[in-house]
Amino acid sequence: MPPSSLRQQQLVATDETVTLIPGLPNDVASLILAFVPYSHQSRLKQTCKSWFLFFSSRTLVFDRHKFNSQSDLLCIFPQDPSISSPFLFDAANRACRPLPPLPCNPSTYSLCNFTSISLGPYIYLLGGSHFDARSFPLDRPLPSDSAFRFNFLTFSWERIAPMISPRGSFACAAVRSLNQIIVAGGGSRHSLFGAAGSRISSVERYDVAKNEWVSMDEMPRFRAGCVGFVAEESGEFWVMGGYGDSRTISGVLPVDEYYRDAVVMQLKKKKKTDDHDDGDGGTWREVGDMWDEWERSRIGKIVVMEDENRGRPDVFMLDKFDILRYDMGLNRWLKETTIPEIRPCKKPLGFIVLDGELYVMTVLKGSDLNETRRSQQHKRAGCLFIQIYHPRKKTWRYIFTKPPFPQPLDFGTAIMCTVRL
């Protein structure tokens, strides 16, 4: 039996014999401790041995799911995760917790344009673009096929089966009903090299239970820098925007040709085999242009708000200082709202959906803050300014908090995903 499995069994068994809170039955005590926010659990672990074992066991994960006491957390990768630790940010409690860095490969460096996504109690880190000291020329970014997932029970990274095709800047979505992940398109684009690298059209899916990748029908054309999501109600996998071929200006300066359309694959389900459903993709259909040429040149930052009842998801885009909502029937982006506080910051804004709300984030320097009592606390080091929009209530609220990172955060290159623990 693997040591990690043996350790987990010991932890669960120990929880049943030790006293968690004196004077209370363990089932009542475990219920109380299950409501402690995840961001505070690491500090409470040090209280006593029984709490350390309980906060490290599978029992806690099951209890938090059973009693619906899970926390919605934001995982932020500020830079190459092998040299800069990612952080879990609990916006509700304004607390953060660092995660261990990704296992380092001495031959590769400067990983960017990877994708992170959560599925179950794991965070997956897939692909990306990096430099390889063993390749020539050294200044050419290469796509990566590596795949990792973070296990919150062992609090460590695990290497999983690599993707069939190396890729960075690709569409990615989780099919939660099938416990699978789908990736599409991508290439070797690097943040420092605008139009350099390759483009691909291949599509593949990852089966978590089998730990294997399976090829699917390719997209109609090459597409990288795109965004993907799954509509569970209709069983469709959408891929929006991105870029394909590149052209040169005056025969010298390369620029990308950006797409204004989307492509959709109808996902099918095979019959049960070995008590497990496999997802199989059908043919692709093309959706026309989602905006006119004079409206914008490329797609902005996209977030998807999934329906709890697995209905049609709400898709939002941050276009400069406006938030747009995608209407699938009209195939158009309609204005939802405008960011109320436009601070003097020229850096890209962070855009993410968390617990049914849209978060627009930026890091402000001390000189950008108003002369208020709250902002004075962060004036010297700057602060993380978050504007939060509730789509159903049509209301805004905002918070200031201290950035959890020792280095400056650039939302233009940082990778973010959400996880429920």
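These numbers were taken from a predicted model, which means no experiment stands behind them.

With that settled, consider the overall build of the chain. Along its length, the chain carries six helices and 29 strands. By residue count, 51% of the 421 residues in the chain fall in the buried class. Counting contacts in the chain only where the partners sit at least 6 residues apart, residues at least 24 apart contribute 55% of the total. With an accessible surface of roughly 20,900 Å², the chain has 51% of that area assigned to carbon and sulfur atoms.

With that settled, consider the nonpolar core. Residues F77, L88, I123 and F152 are the most contacted members of the largest nonpolar core, which totals 19 residues. Elements represented by at least two residues in this core include exactly β1 (72-77), β6 (122-126), β9 (147-151) and β29 (415-420). Among residues more than four places away in sequence, those in contact with I123 are C75, F77, L88, I117, S118, F148, R149, F150, F152, W157, C417 and V419. Ranked by size, the runner-up nonpolar core spans 18 residues in total, among them L354, M361, F405 and M416.

Side-chain alternation along strand β2 (residues 87-90) places F87 and F89 on one buried face and L88 and D90 on a second face that is also buried. Examined bridge by bridge, β1 and β2 share three bridges and lie antiparallel to one another. Residue pairing in the sheet places C75 in a bridge with L88 of β2. Relative to strand β3 (residues 95-98), β2 is paired through four bridges, and the arrangement is antiparallel. When the sheet's bridge partners are listed, F89 is paired in β3 with C96. Linking β2 to β3, which pair antiparallel, is a turn of four residues; within it R94 sits at a positive phi near 50 degrees.

Our next topic: the side chain of S201. As for its placement among the helices and strands, S201 is situated in the loop between β12 (180-184) and β13 (203-207). Here E218 takes part through its side chain, which lies 3.1 Å from a polar atom of the side chain of S201. When neighbours within four sequence positions are excluded, S201 is seen to be in contact with E218, M219, R221 and F222.

Within the open sheet, the three strands sit side by side as β4-β7-β8. Their pairing is antiparallel. A strand with exactly one partner marks an edge of an open sheet, and here the two such strands are β4 (108-112) and β8 (142-143). As judged from the three bridges shared by β4 and strand β7 (residues 129-132), these two strands associate in the antiparallel manner. Following the sheet pairing, C112 is matched in β7 by S129.

On average, residues of the chain score 82 in pLDDT, and 83% of them reach the 70 mark or higher. Overall, residues 1-15 carries pLDDT values under 50, and its contacts beyond four positions in sequence, including any with other chains, amount to 22 contacts. Overall, residues 270-277 carries pLDDT values under 50, and its contacts beyond four positions in sequence, including any with other chains, amount to eleven contacts.

Put simply, the second largest pocket is a space of about 370 Å³. In terms of lining, the second largest pocket is formed by 21 residues, of which the most central are Y38, V61, F152, L153 and L421. Those elements that place two or more of their residues in the lining of the second largest pocket are α3 (38-44) and α5 (58-66). Take the lining of the second largest pocket: its biggest share by element is five residues, from α5. For the lining of the second largest pocket, the residue count by class is ten nonpolar, six polar and five charged.

Buried residues of α5: L60, D63 and R64, and no others. Axial view of α5: buried residues confined to an arc of 95 degrees, hence all on one face. Exposed and facing more than 90 degrees away from the buried side of α5 are F62, H65 and K66. Those residues of α5 that are buried lie in contact with α2 (26-34), α3 and α4 (49-54). Looking one or two residues past α5, N68 carries a phi angle of roughly 55 degrees, positive in sign.

Now for the pattern of salt bridges. Any two side chains of opposite charge can pair, given that their charged atoms come close. What the rule picks out here adds up to 16 salt bridges. Put simply, R296 and D319 hold a salt bridge, and the shortest N to O gap is 3.1 Å. Placement of the pair is R296 in the loop between β20 (279-287) and β21 (301-305) and D319 in strand β22 (residues 314-319), with a sequence separation of 23 residues. Of the two residues, R296 and D319, both sit in the buried class.

This part is about the side chain of D207. Note that D207 resides in strand β13. A distance of 3.5 Å separates polar atoms of two side chains, one belonging to D207 and the other to Q180. Of the polar contacts made by the side chain of D207, one reaches the backbone nitrogen of K210; its length is 3.1 Å.

Conventions used here
Sequence order as written defines the numbering, with residues in each chain counted from 1. Reporting in this predicted model follows two pLDDT cut-offs: at least 70 for local features of residues, and 80 or more for side-chain atom pairs to be given and counted; totals over whole chains, interfaces and linings ignore these cut-offs and use all residues. Hydrogen atoms and water are omitted, and side-chain values are computed over all heavy atoms in the structure. Runs of E in the DSSP output that reach at least two residues are strands. Runs of H or I that reach at least four are helices, and both are numbered from the N terminus. Note on classification: 1.4 Å probe, protein chains only; a residue is buried when its accessible area is under 20% of the maximum for its type, exposed when over 50%, partly exposed between these limits. For this analysis, residues touch if any pair of their heavy atoms sits within 4.5 Å. Under the convention used here, a 1.4 Å probe and the Shrake-Rupley method define accessible areas, while residue burial counts only the protein chains that appear. Only buried residues count toward a nonpolar core. Its members are Ala, Val, Leu, Ile, Met, Phe, Trp, Tyr and Cys residues joined through side-chain atoms within 4.5 Å. DSSP bridges decide pairing: two strands pair if at least two such bridges lie between them. Between N or O atoms, a polar contact is any pair within 3.5 Å; within protein, one atom must be a potential hydrogen donor and the other a potential acceptor, and residues adjacent in sequence are included only when both atoms are from side chains. A residue's pLDDT is simply how confident the predictor is in it, with values from 0 to 100. For cavity detection a 1 Å grid was placed over the protein atoms alone, and a set of points counts as a cavity when a 1.4 Å probe fits there but cannot get out; an open set counts as a pocket when protein lies on both sides within 12 Å along at least five of seven lines, with lining residues being those that have an atom within 4 Å of a point. Grid points are joined across faces, edges and corners, and a volume is the space filled by probe spheres set on the points. Amino acid classes used here: Ala, Val, Leu, Ile, Met, Phe, Trp, Tyr, Cys and Pro are nonpolar; Asp, Glu, Lys and Arg are charged; the rest, including Gly, are polar. Note that the arc is defined by the directions from the helix axis to the C-beta atoms. When a carboxyl oxygen of Asp or Glu lies within 4 Å of a side-chain nitrogen of Lys or Arg, that pair is called a salt bridge.

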